[in-house]
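# Residue-level structure breakdown
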Amino acid sequence: MSLRTRVLLVFLLMTAVLAAALYGVSKAVLTSRLGALESQAVLKDVERGLKSYEANLDQLGVLVHDWSAWDDTYAFVADRNEQYVRSNLTGSTCENLRIHCLVFLSVTGEIVYEHCHEPGWEGTVPLPPELARELSPKFPLLDLPDPDSCRKGLLMLPEGPMMLAARPILTSEEQGPARGAVLMGRYLDEPQVRALADLAQLDLTVVPARGKGLPPDVAKALARLEQEPFTHHLPGGDSVAGYAMIRDVHGAPALCLRVIQPRTLYSRGLETAQYLLLAFVTANIVFCAFLFVFLERNLLRRLMGLSHQVSRIGSEANLGARLSAAGRDEIASLGQSINAMLEKLEVSQDRIKTSEEQSKRLADAAHLSLSELQALLHALPDLYFRLERDGTILDYHAGQQADLYAQPEAFLGRRISEVLPQEVALQFEEGVRTLERGEPLSTYEYALDLAGARNRFECRLSCLHNGQIIAVVRNITARKASEEALSMRERYLEALVEIQRKLLASRCDPEECGEVLSLLGLAAGAHRALLLQ
């Protein structure tokens with residue numbers, strides 16, 4: 001690949017890398033910032049949705065107040081007159097009030113009157129059984145200790161979630177004592193949720209917080225809503241959702257309020273990042289084009305010319321040729337440096353030829369020395385081992401195979417302590433320590449049983465320059481036997497001489513002494529004259 005092509009590829013790669021980095025950084029920054037803004041916006045919308053729900057509860061509380069603080073209601077709970085029912089509790093009462101349940105209770109919690117209907121049905125219906133079971137003095141909404149008390153909340157019924165509000169029954173002047181309570185309920189059904197969404201101008205939905213078949217995003221949000229008042233989750237790439245928990249009158253999770261918004265800010269941010277990337281790539285391409293033209297005219301052409309000249313000199317193998325290096329810049333200096341190098345190469349070439357001749361002579365001499373050393377190793381009966389300092393056997397040469405304690409495959413690559421007896425291994429370790437103290441040679445003797453006979457060996461240790469150890473082992477069994485025999489003979493002769501001295505000192509008959517000495521000398525293999533000296 002030519003230098004021109006490489007420069008062009010570097011420019012293109014640099015443009016691509018910088019563009020990718022710029023797009024990644026800008027996208028990451030914009031995504032994080034816009035994501036935070038989106039989160040804040042959706043959380044505010046969730047708060048608006050909750051406030052819309054709470055406003056609906058407050059409106060229900062106002063209705064309850066209108067019915068509970070009324071002299072007619074105060075009297076009705078006491079005398080239960082039918083005129084109150086015919087005048088005020090007609091079939092369209094709940095429909096006009098946009099409520100689904102109206103209950104009057106006495107002080108003891110007894111239901112004085114109930115008026116209920118279901119959404120989409122005409123006429124009245126019985127009080128929901130689940131709600132009827134809840135209506136006891138222990139019901140949280142019926143805990144009305146003060147005349148101005150007002151309890152509001154949500155209760156999950158099989159028919160659907162119902163918003164409830166209760167107030168004590170007082171006179172029109174809000175005087176007591178209270179004669180019971182008025183409870184109003186309104187189902188939080190789909191039309192009511194749409195009304196809440198329209199009031200808050202939000203894409204708002206309400207999902208039960210308990211039960212099976214929950215949407216995945218709601219199930220995930222509910223797990224976090226146990227610790228956080230609000231959270232948000234991205235159900236898709238085009239929208240962002242916020243969630244809030246609505247608890248029932250007992251404090252248990254009841255509903256999950258969800259608000260969904262389109263990711264308008266995020267989309268605008270991505271478009272901005274793309275426009276920024278396009279502008280950067282365009283500017284970078286223009287800059288790289290100008291820079292490439294400048295390098296082509298002032299650098300690449302001249303470098304290519306130097307390259308062709310150097311190639312020609314190399315193909316012709318003419319170290320006496322020189323480059324044309326005109327100018328005062330770095331490229332001209334490079335040409336001059338190459339010329340100086342060629343001059344030195346020319347001188348070095350002559351030296352190399354001389355060195356090659358010397359090296360050839362030295363190689364021949366080394367080969368001859370190596371051949372002599374190999375012949376010497378084969379001629380000597382000794383054992384040769386090359387070892388590491390820890391006793392690992394690396395290589396060997398055996399002048400006499402019978403002197404090997406084990407087969408090569410059993411000791412090569414293993415330590416002395418794993419092959420030879422422990423006392424011999426300890427002698428080797430002591431010899432290594434002697435070499436480590438700076439001694440050039442360490443010698444010791446040891447004995448091994450080979451082929452049922454006791455053999456004596458002498459080992460000489462020496463260090464190589466690479467830290468390895470050479471061990472030369474010689475079988476000295478025969479020499480030791482000769483030395484022992486000679487020593488025994490010397491002791492025997494010394495005994496004979498001592499006997500001679502004592503016989504002569506005893507003044508025995510010379511002829512008898514001579515016969516005794518002759519017999520002892522014959523037994524010892526010594527001449528009589530030697531004994532008489």
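We now turn to the structure provided with this report. From a predicted model like this one, the values you see are computed outputs, not experimental measurements. (Residues numbered from 1 in each chain as written. Predicted model: local features only at pLDDT ≥ 70, side-chain atom pairs only at ≥ 80, totals over all residues. Heavy atoms only, no water.)

### So, the overall build of the protein
Scanning the protein from terminus to terminus reveals 15 helices and 14 strands. When each of the 533 residues of the protein is scored for burial, the buried share is 35%. Taking all contacts inside the protein whose residues are at least 6 apart in sequence as the whole, residues at least 24 apart take part in 52%. Just so you have it, the protein exposes about 31,800 Å², and 57% of that area is on carbon and sulfur atoms. (Helix = DSSP H or I, 4+ residues; strand = E, 2+ residues; numbered from the N terminus. Buried < 20%, exposed > 50% of the residue type's maximum accessible area, 1.4 Å probe, protein only. Contact = heavy atoms within 4.5 Å. Areas by Shrake-Rupley, 256 points an atom, 1.4 Å probe, with all protein chains shown as cover.)

### Digging into the pairing of strand S1 (residues 101–105)
For S1, the buried fraction is high: 5 of the 5 residues fall into the buried class. Because side chains alternate across S1, one face comprises the buried residues Cys 101, Val 103 and Leu 105, and the other comprises Leu 102 and Phe 104, equally buried. Two elements, S1 and strand S2 (residues 111–116), share 5 bridges in a ladder whose sense is antiparallel. Residue pairing in the sheet places Val 103 in a bridge with Glu 114 of S2. The loop that links S1 with its antiparallel partner S2 comprises 5 residues; one of these, Gly 109, has a positive phi angle of about 95 degrees. The sheet contact formed by S1 and strand S5 (residues 181–187) spans 5 bridges and is antiparallel. Each bridged residue has a counterpart across the sheet, and for Phe 104 the counterpart in S5 is Val 182. (Pairing = 2+ DSSP bridges.)

### Overview of the pattern of salt bridges
Counted under the stated rule, the structure contains 19 salt bridges. Note that Arg 389 is salt-bridged to Glu 436, the shortest N-O span being 3.7 Å. Remark: Glu 436 occurs in helix H12 (residues 422–436) and Arg 389 occurs in the loop between strand S10 (383–387) and strand S11 (393–398); sequence separation between them is 47 residues. Since its relative accessible area comes to 36%, Arg 389 is described here as partly exposed. The structure contains a network of salt bridges with shared partners spanning Glu 445, Arg 456, Arg 479, Lys 480 and Glu 483. (Salt bridge = Lys/Arg side-chain N within 4 Å of Asp/Glu carboxyl O.)

### Description of a nonpolar patch on the surface
There is a patch of nonpolar side chains on the surface, built from Leu 8, Leu 9 and Leu 12 and spanning about 270 Å² of accessible area. Here Leu 12 lies in helix H1 (residues 3–68). We classify Leu 12 as exposed; its relative accessible area is 54%. (Patch = residues over 30% accessible without salt bridge, like charges linked within 9 Å, V, L, I, M, F, W, Y side chains within 5 Å.)

### What about the nonpolar core?
The nonpolar side chains of soluble globular proteins are, as a tendency, buried together. Membership of the largest hydrophobic core comes to 40 residues, with the highest contact counts inside it found for Tyr 53, Trp 67, Leu 89, Ile 99, Leu 102, Phe 104 and Met 184. At 8 residues, the largest contribution of residues to this core is made by H1. The contacts of Trp 67, once residues within four sequence positions are left out, are Thr 73, Tyr 84, Asn 88, Leu 89, Thr 93, Leu 97, Leu 102, Phe 104, Val 182 and Met 184. In terms of nonpolar packing, the next biggest core, distinct from the first, is built from 25 residues, Ala 398, Phe 411, Ala 425 and Leu 448 among them. (Core = buried A, V, L, I, M, F, W, Y, C linked by side-chain atoms within 4.5 Å.)

### A few points about unusual backbone geometry
Its identity is not glycine, yet Arg 80 carries a phi of approximately 55 degrees, on the positive side. Within the secondary structure, Arg 80 sits in the loop between helix H2 (71–79) and helix H3 (82–88). Although it is not a glycine, Arg 98 sits at a positive phi angle of roughly 55 degrees. Looking at the secondary structure, you find Arg 98 in the loop between helix H4 (93–97) and S1.

### A word on the sheet that holds S10
The strand order S11-S10-S14-S13-S12 describes an open sheet built from 5 strands, whose pairing is antiparallel. The sheet is open, and its two borders are formed by S11 and strand S12 (442–450), each paired with just one other strand. Ignoring which end each strand starts from, the neighbouring axes of this sheet average 25 degrees apart. Note that S10 and S11 share 5 bridges and pair antiparallel. Its bridge partner being in S11, Tyr 384 is matched across the sheet by His 397. Its contacts with the sheet put H12 on S10, S12, strand S13 (453–463) and strand S14 (469–475), and the angle it makes with S12 is roughly 165 degrees. (Axes fitted to C-alpha atoms, helices over the stretch in contact; angles between N-to-C directions.)

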